[in-house]
Structures are given as C-alpha cells and as structure tokens.
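Residues per chain, in single letters:
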Amino acid sequence: MLEPAGASLPQAARVLDASPQIWPDEVRIDIETLNLDAASYRQLHDKHEGDGAAIRAEVLQIVGERGKMQNPVTGSGGMLIGTVAEVGPTSTLGLAAGDRVATLVSLSLTPLAITDGLEGWDGSGERVPARGHAILFGRSIAAKLPEDLAPELALMVMDVCGAPALVARTVRAYAARLPFDAAIGSVGGPSVVVLGGAGKSGSLSLAAAADAGATRRVAVVRDEAEASLLEGTGLATRVLIADARNPIGLSEAVATAGGPADLTVVCVDVTGCEQPAILATAEGGTVIFFSMATNFAAAALGAEGLAADVTMLVGNGYVPGHAAYALELLRGNAAVRELFEGRLTHHG
C-alpha cells in the first residue's frame, strides 16, 4: 500500500502499489476481462450521461491514480478473469501458471495496472475487455474457470456468487425452525421477497431460495420488460412491478402477494431501498443487503424509526463454496441459464 501510510488492509487504502513484482505468497494474473460492479457502473453511466468515452476515461483515471479499480463514490469495484502468470513459492491459493481464473475478491482491494488504454471497450457495459496485470494477495480467493462454460458466462455468475449462497443458508435456517408433521413433512416453507429479481444476483437468489425450500418467492421488478423475463420461469411464484424506493408503494404491492416475507433480499443497484425493504419484511425476519448502493446508516436508523424487529445482514460476497454453488444453480436451472445467456448476448 502506498497511501495512506500504515493503512492496515488494501480495501481501506486509497492507493495500492500495482507493480508487477510479487511477494512470496502472491500471484500475478494477466488480465483478460474486468467486470465492473453494477452500482459502480451505474454511477459512472449516470454521471457521464451514457457517454462511453467519458466512462472509459474515468475508469482509466481511477485505476491510474489508485492502482486499483475502486469507484470513489460507491467504494466498490468488481472482479476479473485472466490467466495466472506467476505464482509465489509460498502461495496457498492452489493456482499454477497458465490457469485461467476468476478472482472472487473485489477490484477495490486488488492491485491493478491497465496497459492497453481499454481500447477494446466502448464504455457501454459492465464487461470490460482489458490488458494488464493484477496481483492476488496471500489471503485472497480465486476460482479456476470451468471448462463447460464460456468464460464470460462464468464471470457473470461468479461476480454475484455470494448472493445465492447466503440466501440458501438463510432460507435453510428458517426452514429448520418450521413446524414439522410426521405425515406430511414440513408445514409450509419460508417466504422470500427479492428486490431486483430479474437481475444477475436477483435471479440466482430466487433459484437458491427455491433450492433451499422457500415456497413463496416474490420477485419485485421495475417494469413490464423485466417482469416478462421472469413470468412463466418458475423462479418466482409471483412477480410484482413496483418501485423498490417507494416504502408505501412497495409495502402495498407485497401485501397483494401474501404480505411481508421471512427474508427480503435487496439486489437493486440504486439508493433509497433501505426502508422499503424493511417494510417488506415480517417481524422477526431478515433483510440481506447485497447492493453496494445501500446506505447502511439509513438501514439501521430506518429500522429503529419503524420499530421493526428485523435482522439485517450485509452480503459480504463470500460464503464457503459460493462459486461452486452458483455454477451448480446455473447448470441445473434452465431458466437461470437462459436469463444469464440472454444478458450476455444483449451486452455482447
């Protein structure tokens, strides 16, 4: 870390040393593609009114100044895929030179240098062809790219793989507490509301909720176009069109689909969804905030102001086995795979 001096961890540092030389426990990766965090890209897109050249220029400026891709407004980064170029002799990541990998840690803490000026990117999407190198620290996470999936498809899944794993774990915990009848098994099942259900993390969260035993799965989307992506897929038992930033409007919409849920999952990349999510959650329920656009002070104070007895979790992007589980969902759920491949085609 170069700045500030004495910073304890790379995510908190403003500037990292992105030189290609590695320490004995580190790994250097030759970059192929960056995948920018959705909240970060949206902020850049809105700031520059969709001007791709200006977006590209600012990404280059951020990486050049900081030695990492950390949006100064959202604080978030993204992840990357590339090929392992060098492995330090004491690295414990299980990688070897020549392995094609996806990093499962944020670009906001990954030393990064770009050497091609992002000449292959027009600034119009989150997926960024790039050349350069990145450094993985001794305590990092990376996964070898699966041979049966296109690298870009695997990257999209791994970019949000923390969401379905945590949703599944939370739903299973609720299911374990439900009444049980020896003749018919569990009585009912946990209920889940997913804000942003048609997106990458949202659709995987719906699939994970179903896999873990959630019987009522409500997807909240912003418009008819998103609703049409989910209708008839079986991922959600009900699809609602509502503004996730409108507390009363969202609460009324959720009431028409069975009422507040045991678990509400926030996967939208806009601000102002904290109190609506709390109102969509039953007393004693749980809210998981996966969006980097979340204002956590607003969430905490909002719950207090609403006298809401809810547990609020920060989706930190890591659950043991999260990448393998997300890829398993993609392979085993045709609806999820179709959504991801459609998104890939649209942005390709």
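Quick notes on the rules
Residues numbered from 1 in each chain as written. Predicted model: local features only at pLDDT ≥ 70, side-chain atom pairs only at ≥ 80, totals over all residues. Heavy atoms only, no water. Phe/Tyr/Trp six-rings, centres within 6.5 Å; stacked < 30°, edge-to-face > 60°. Buried < 20%, exposed > 50% of the residue type's maximum accessible area, 1.4 Å probe, protein only. Salt bridge = Lys/Arg side-chain N within 4 Å of Asp/Glu carboxyl O. Helix = DSSP H or I, 4+ residues; strand = E, 2+ residues; numbered from the N terminus. Core = buried A, V, L, I, M, F, W, Y, C linked by side-chain atoms within 4.5 Å. Contact = heavy atoms within 4.5 Å. Pairing = 2+ DSSP bridges. 1 Å grid on protein atoms, 1.4 Å probe; cavity = no way out; pocket = protein on both sides within 12 Å on 5 of 7 lines; lining within 4 Å. Points joined across faces, edges and corners; volume = space filled by probe spheres on them. Nonpolar A, V, L, I, M, F, W, Y, C, P; charged D, E, K, R; others polar. Axes fitted to C-alpha atoms, helices over the stretch in contact; angles between N-to-C directions. Expected span 1.5 Å × (residues − 1). Right-handed = clockwise from strand over helix to strand, strands pointing away. Arc of directions from axis to C-beta.

Student: Whenever I open this one, the packing of aromatic side chains confuses me. Can you help?
Tutor: What the rule picks out here adds up to one aromatic pair. Both rings, one in Phe289 and one in Phe296, keep their centres 6.4 Å apart while their planes meet at 90°; by these two values the pair is edge-to-face. Take Phe289: its relative accessible area is 2%, and that puts it in the buried class. For Phe296, a relative accessible area of 36% puts it in the partly exposed group.

Student: I keep staring at the pattern of salt bridges and nothing clicks. Help me out?
Tutor: Once their charged atoms are close, side chains differing in charge can pair, the charge on each being opposite to the other. A full pass over the atoms with the stated rule returns 13 salt bridges. The salt bridge involving Asp159 is made with Lys200; its shortest N-O contact spans 3.4 Å. With Asp159 in helix H3 (residues 151-159) and Lys200 in helix H5 (residues 200-212), this pair connects stretches of sequence that are 41 residues apart. When salt bridges with common partners are traced through the structure, they connect Glu126, Asp159 and Lys200 into a single cluster.

Student: Please clarify how the nonpolar core should be interpreted in this entry.
Tutor: The nonpolar side chains of a soluble globular protein tend to be buried with one another. In this structure, Val167, Val171, Val192, Leu230, Leu235, Val265 and Phe340 are the most contacted members of the largest nonpolar core, which totals 55 residues. Other than its neighbours up to four places away in sequence, Leu230 contacts Gly197, Ala198, Leu206, Ala219, Val221, Leu235, Val239 and Leu339. Judged by nonpolar contacts, the second largest core, of 27 residues, contains Ile31, Val59, Val101 and Leu136.

Student: Sorry, what's going on with the pairing of strand S1 (residues 27-36) here?
Tutor: Side-chain positions along a regular strand alternate between the two faces of the sheet. Of all ten residues in S1, nine are buried; the element is thus mostly enclosed. Bridge count between S1 and strand S2 (residues 78-87): nine bridges; the pairing is antiparallel. When the bridges of S2 are listed, Arg28 appears paired with Glu86. Of the strand pairs in this sheet, S1 and strand S6 (residues 132-136) are connected by four bridges, and their pairing is antiparallel.

Student: What am I meant to see in empty space enclosed by the protein here?
Tutor: This model, assessed by the stated rule, comprises one cavity of 30 Å³ or more. Taken as a whole, the largest cavity holds about 30 Å³ of empty space. Together, Val266, Val268, Val270, Cys273, Glu274, Phe289, Ser291 and Thr294 line the largest cavity. Across the lining of the largest cavity, the residue classes break down as five nonpolar, two polar and one charged.

Student: Would you mind going over the sheet that holds strand S14 (residues 281-289) with me for this structure?
Tutor: Sheet strands pair via backbone hydrogen bonds, and the direction of the pair is either parallel or antiparallel. The strand order across the open sheet built from six strands is S12-S11-S10-S13-S14-S15, with neighbouring strands paired in parallel fashion. The open sheet has two edge strands, strand S12 (238-241) and strand S15 (311-314), and neither has a second partner. Between one strand axis and the next, the sheet turns by 20° as a mean value, whatever way the strands run. Sheet strands touched by H5: strand S10 (191-195), strand S11 (216-221) and strand S13 (261-266). Its angle to S11, the strand with the most contacts, is close to 175°. Sitting on the sheet, helix H9 (residues 296-305) touches S14 and S15, and the angle it makes with S15 is about 170°.

Student: When you look at H5 in this model, what are you seeing that I'm missing?
Tutor: Every α-helical turn comprises 3.6 residues, leaving residues that sit three or four positions apart pointing alike. For H5, which comprises 13 residues, the first-to-last C-alpha distance of 18 Å matches the rise-based estimate of 18 Å (1.5 Å per residue) to within 8%. Summarising burial for H5: eleven of the 13 residues are buried, a large majority. Of all the positions in H5, only Lys200, Ser201, Gly202, Ser203, Leu204, Ser205, Leu206, Ala207, Ala208, Ala209 and Ala212 are classed as buried. Within two residues after H5, Gly213 carries a phi angle of roughly 110°, on the positive side.

Student: Can you walk me through the pairing of S13 in this structure?
Tutor: By the criterion of burial, S13 is predominantly enclosed, with five of the six residues buried. Relative to S13, S10 runs parallel, the two being bridged by four bridges. Looking across to S13, one finds that Val192 is bridged to Leu263. Relative to S14, S13 runs parallel, the two sharing five bridges. Counted as the bridge partner of Ala261 is Thr281 from S14. With respect to chirality, the unit in which S13 leads through helix H8 (residues 274-279) into the neighbouring parallel S14 is right-handed.

Student: How should the side chain of Gln43 be read in this particular structure?
Tutor: Its location among the elements puts Gln43 in helix H1 (residues 38-47). Sequence-distant contacts of Gln43, that is, excluding residues within four places in its chain, are made with Asn71, Val73 and Thr74.

Student: Please explain helix H7 (residues 247-255) as it appears in this structure.
Tutor: Every buried residue of H7 is listed here: Leu250, Ala253 and Val254. Along the axis of H7, the buried positions cluster into a sector of 95°, meaning they face one direction only. Residues Ile248, Glu252 and Ala255 are exposed on H7 and point more than 90 degrees away from its buried face. The inward-facing, buried residues of H7 abut S10, S11, S12 and H8.

Student: Honestly, the side chain of Thr294 in this entry has me stumped. Any pointers?
Tutor: Relative to the elements of secondary structure, Thr294 occurs in the loop between S14 and H9. The buried category is assigned to Thr294, whose relative accessible area is 11%. In contact with Thr294, not counting residues within four places along its chain, are Glu274 and Phe289.

Treat this as a map of the structure, not an account of what it does.
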